[in-house]
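So you can see what is in the structure, the chains are spelled out below.
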Amino acid sequence: MYTVNSFKRYLLLVVFLITSCIALSLASQQPNIILIVADDLGYNDVSFHGSNQIPTPNIDFLGYTGIILNNYYVSPICTPTRSALMTGRHPIHTGMQSGVIVGTQPYGLPLNETILPQYLNQLGYSSHIVGKWHLGMFKWEYTPLYRGFKSHIGYYQGCEDYYTHTYEANLQQWGLDFRQDKDLLWNYTGKYSTDIFKDEALRIINEHNKSQPLFLYLPFQSVHSGNGDSTHLQAPKRYIDKFQYIENGQRRIYAAMLSALDDAVGEIYDALKNSGLLDNSIIVFSTDNGGPANGFDFNAANNYPLRGVKATLWEGGMRGVGLVHSPLLQKQGYVSEQMFHVCDWLPTFYKAAGGDPSNLKNLDGFNSWEMLNTNGNPIRSKMLHNIDPLDKSAAIRVGDYKLLVGNVMSGWDGWYPPYQLYDDQKFLHYTSYTDKTFQSSGMLMLRDKLQKQYSEFWPKQVTSRLEELYTFYQKSDIYSKFRPNLGKNETSLLFSPQKSGNTFSGTPVTLNCGPKPSNASDNCKPNVTPCLYHIPSDPCEYNNLAFSKPDIVTELLNELKAYSDTMVPPGNKPYDDAGNPTRHGGAWIPWQQ
């Protein structure tokens with residue numbers, strides 16, 4: 001016989017069970033978000049952009065069967081991009097707009113900024129970071145565990161050795177920068193960082209409690225250069241040996257670094273598939289800035305045919321490799337030509353996770369989930385690339401036009417092809433690839449021959465991997481409802497590997513720049529007067545239109561002025577030797593209370 005109290009307990013139990021069921025149901029509906037960021041990956045370093053020098057089958061598959069973002073922009077260097085990614089706010093509004101945090105500079109992403117994992121945690125997510133942080137570490141409060149992440153394995157600074165995991169700010173400041181959560185890891189010497197991060201990501205995926213949605217932020221170290229006074233490009237020998245057809249040693253090691261990253265992406269995809277998480281996951285792959293091409297920053301990345309390199313406001317510094325892959329997409333297998341800025345990820349993820357982006361205040365990013373999901377109308381009509389009051393440079397895009405003003409690193413404003421031949425790192429630094437009169441006929445013939453033969457050297461595992469991925473895509477139930485639903489004027493990007501020969505068919509997304517005019521290198525002097533380019537028809541920034549379209553120049557200058565009126569000062573601080581690793585047992589640690 002029920003008493004009043006027992007009946008009350010029974011009602012509470014029923015309410016608890018119903019609430020729990022609702023919570024579990026909501027959690028199961030919220031997508032897992034896997035955000036993979038490559039460091040310093042160039043526009044021309046992935047096969048889906050038409051590069052045939054380095055195969056990237058796993059990254060290609062995600063793009064071809066998802067959405068390739070063909071009008072996607074990041075900041076020209078890493079700390080600003082990572083700040084925008086985490087806050088949904090432009091770096092000019094967080095003080096992160098000028099350069100990167102280096103060594104003992106005591107500043108970071110302001111603590112009054114709510115960041116992506118904190119927003120997602122409010123919606124019930126479990127958030128983890130694996131890899132590079134680079135948003136401040138002089139106090140513990142600026143580090144990942146204090147900003148919404150449940151776990152972290154990786155490093156705080158901007159770069160380091162791939163095997164010793166030491167970071168050099170300068171020859172007087174050098175020490176270990178590698179940790180699990182807050183604990184330093186001294187015993188990982190000799191282990192390649194890409195493998196470490198991949199294994200940790202696999203562990204998190206395989207051990208994840210499916211009753212809770214997962215946010216996994218994977219900012220890899222690859223393909224950034226190592227320390228400036230040590231070995232710059234590093235990869236396991238088993239990967240370097242795959243690229244003997246690349247005569248240039250620096251580009252060969254770079255190819256190996258990228259191939260290791262691509263394999264890691266593939267293993268992460270397989271882990272999501274095998275764990276049952278893939279059918280309710282969104283995978284985003286992005287670079288943090290353009291590639292440091294032609295020896296910039298001791299690297300061998302490539303942005304060709306785009307102009308410029310990392311840290312510049314030319315397209316090669318900011319037009320990013322980006323894609324979205326998910327069986328949840330109503331449309332997939334298409335190229336998105338809508339403008340998309342790195343600030344847009346936060347509100348877009350928040351919407352996909354079930355949140356209401358209108359509740360997010362002071363954002364510069366736009367919720368683009370519906371646009372991506374349906375290949376819908378553009379959300380953006382303009383984007384600020386940057387205003388740097390320290391470097392005295394700025395760039396903005398409004399509609400089809402881009403304006404550059406001030407010091408945009410004219411010394412790195414060329415069009416640099418990928419290294420191929422032994423001496424390319426000496427030769428290509430001084431001239432443009434398209435200025436063929438500077439090259440001997442023998443060199444041109446060898447270069448053309450190598451370019452034609454690249455795909456013949458691709459190992460068989462590349463095409464077998466493509467076939468495996470494509471077969472899974474074709475047969476899997478999780479994709480069966482979401483085959484490309486394309487309109488009359490849309491073209492599917494879906495590809496299938498050829499079973500005969502080491503080639504595959506696809507639809508690479510390439511840029512048509514047209515002929516390069518003879519005055520392309522000197523018709524723009526942004527330190528003297530603003531330069532204007534029509535990006536859709538001139539993505540390589542050959543033709544400065546500023547003198548023929550003064551009204552548009554004036555309009556864009558006014559837009560820049562409006563943005564500058566909202567800008568906060570850069571947060572950069574002088575170096576503080578109290579953070580020197582020599583004062584802390586040879587390690588980089590938060591040194592201020």
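Not measured: the values here are computed from a predicted model.

Caption draft 1: The packing of helix α2 (residues 57–64) against helix α7 (residues 249–275), seen in detail. Close contact between α2 and α7 brings their axes to 7 Å; oriented N to C, the two are set at 55°. If you check the angle between α2 and α7, you find them oblique. Of the residues in α7, those in contact with Pro-57, Asn-58, Ile-59, Phe-61 and Leu-62 of α2 are Asp-262, Asp-263, Val-265, Gly-266 and Tyr-269. Across the contact of α2 with α7, the residue classes break down as 6 nonpolar, 2 polar and 2 charged.

Caption draft 2: Here's a closer look at α7. Taking 1.5 Å per residue as the helical rise, α7 with its 27 residues ought to reach 39 Å, and the 39 Å between its terminal C-alpha atoms agrees with that figure. Taken across its 27 residues, α7 has 21 buried, putting it largely inside the fold. For α7, the side-chain oxygen to backbone nitrogen distance between the N-cap and Gln-250 is 3.1 Å, and the N-cap itself is Asn-248. Downstream of α7 by a residue or two, Gly-276 has a phi angle that is positive, lying close to 85°.

Caption draft 3: Focus on the state of the cysteines. Inspection of every chain in the model, using the stated rule, returns 2 disulfides. At a sulfur-sulfur separation of 1.8 Å, the disulfide partner of Cys-513 is Cys-540. Every disulfide takes its handedness from the sign of the S-S torsion; for Cys-513 and Cys-540 that torsion is 45°, giving right-handed. Within this pair, whereas Cys-513 is found in the loop between β19 (504–505) and β20 (531–534), its partner Cys-540 is found in the loop between β20 and α15 (550–564), the two being separated by 27 residues in sequence. Comparing Cys-513 with Cys-540 shows no difference in burial state: the two are buried. Between the sulfur atoms of Cys-524 and its disulfide mate Cys-531 the distance is 2.0 Å. The S-S bond linking Cys-524 to Cys-531 shows a torsion near 105°; that makes this disulfide right-handed.

Caption draft 4: Up close: the packing of aromatic side chains. Evaluation of the coordinates by the stated rule reveals 29 aromatic pairs. Clustering of aromatic rings is evident, with ring pairs tying together Phe-61, Tyr-269, Phe-472, Tyr-473 and Tyr-479. Above the plane of the ring of Tyr-188 lies Lys-191, whose end atom (NZ or CZ) is 4.6 Å from the centre. Sitting over the face of the ring of Trp-314, Arg-307 holds its NZ or CZ atom 3.9 Å from the ring centroid.

Caption draft 5: Structural detail: the sheet that holds strand β5 (residues 151–155). Strand order in the open sheet made by the 10 strands is β9-β8-β5-β4-β10-β1-β11-β12-β2-β13, with mixed pairing throughout. Looking at strand neighbours, the two that pair on one side only are β9 (183–184) and β13 (334–336), the edges of this open sheet. Where strand β2 (residues 67–69) lies against β13, 3 bridges are found, and the strand directions are parallel. Its bridge partner being in β13, Leu-69 is matched across the sheet by Ser-336. Taken strand by strand, helix α3 (residues 78–87) contacts β1 (32–38), β4 (126–132) and β10 (214–219), and its axis lies near 175° from that of β10.

Caption draft 6: Up close: the sheet that holds strand β16 (residues 393–398). The strand order β15-β16-β17-β20 describes an open sheet built from 4 strands, whose pairing is antiparallel. Two strands bound the open sheet, and with one partner strand each, they are β15 (382–388) and β20. In this sheet, neighbouring strand axes are inclined to one another by 10° on average, regardless of whether the strands run parallel or antiparallel. With 6 bridges joining them, β15 and β16 adopt antiparallel strand pairing. Bridge pairing in β16 links Lys-382 to Val-398.

Caption draft 7: Looking closely at the pairing of strand β6 (residues 166–170). Judged from the 4 bridges that link them, β6 and strand β7 (residues 173–176) form a sheet pairing that is antiparallel. The residue bridging Asn-170 from the neighbouring strand is Gln-173, located in β7. Linking β6 to β7, which pair antiparallel, is a turn of 2 residues.

Caption draft 8: Representation of the pattern of salt bridges within the structure. A full pass over the atoms with the stated rule returns 27 salt bridges. As a salt-bridge pair, Arg-82 and Asp-39 come within 3.4 Å of each other at their nearest N and O atoms. Placement of the pair is Arg-82 in helix α3 and Asp-39 in the loop between β1 and α2, with a sequence separation of 43 residues. In this structure Asp-39 comes out as buried when scored by relative accessible area, which is 0%.

The rules behind these values
- Residues numbered from 1 in each chain as written.
- Predicted model: local features only at pLDDT ≥ 70, side-chain atom pairs only at ≥ 80, totals over all residues.
- Heavy atoms only, no water.
- Axes fitted to C-alpha atoms, helices over the stretch in contact; angles between N-to-C directions.
- Helix = DSSP H or I, 4+ residues; strand = E, 2+ residues; numbered from the N terminus.
- Parallel < 35°, antiparallel > 145°, perpendicular 65-115°, else oblique.
- Contact = heavy atoms within 4.5 Å.
- Nonpolar A, V, L, I, M, F, W, Y, C, P; charged D, E, K, R; others polar.
- Expected span 1.5 Å × (residues − 1).
- Buried < 20%, exposed > 50% of the residue type's maximum accessible area, 1.4 Å probe, protein only.
- Polar contact = N/O pair within 3.5 Å; in protein donor to acceptor, adjacent residues only side chain to side chain.
- Disulfide = S-S within 2.5 Å.
- Phe/Tyr/Trp six-rings, centres within 6.5 Å; stacked < 30°, edge-to-face > 60°.
- Lys NZ or Arg CZ within 6 Å of the ring centre and 35° of its normal.
- Pairing = 2+ DSSP bridges.
- Salt bridge = Lys/Arg side-chain N within 4 Å of Asp/Glu carboxyl O.

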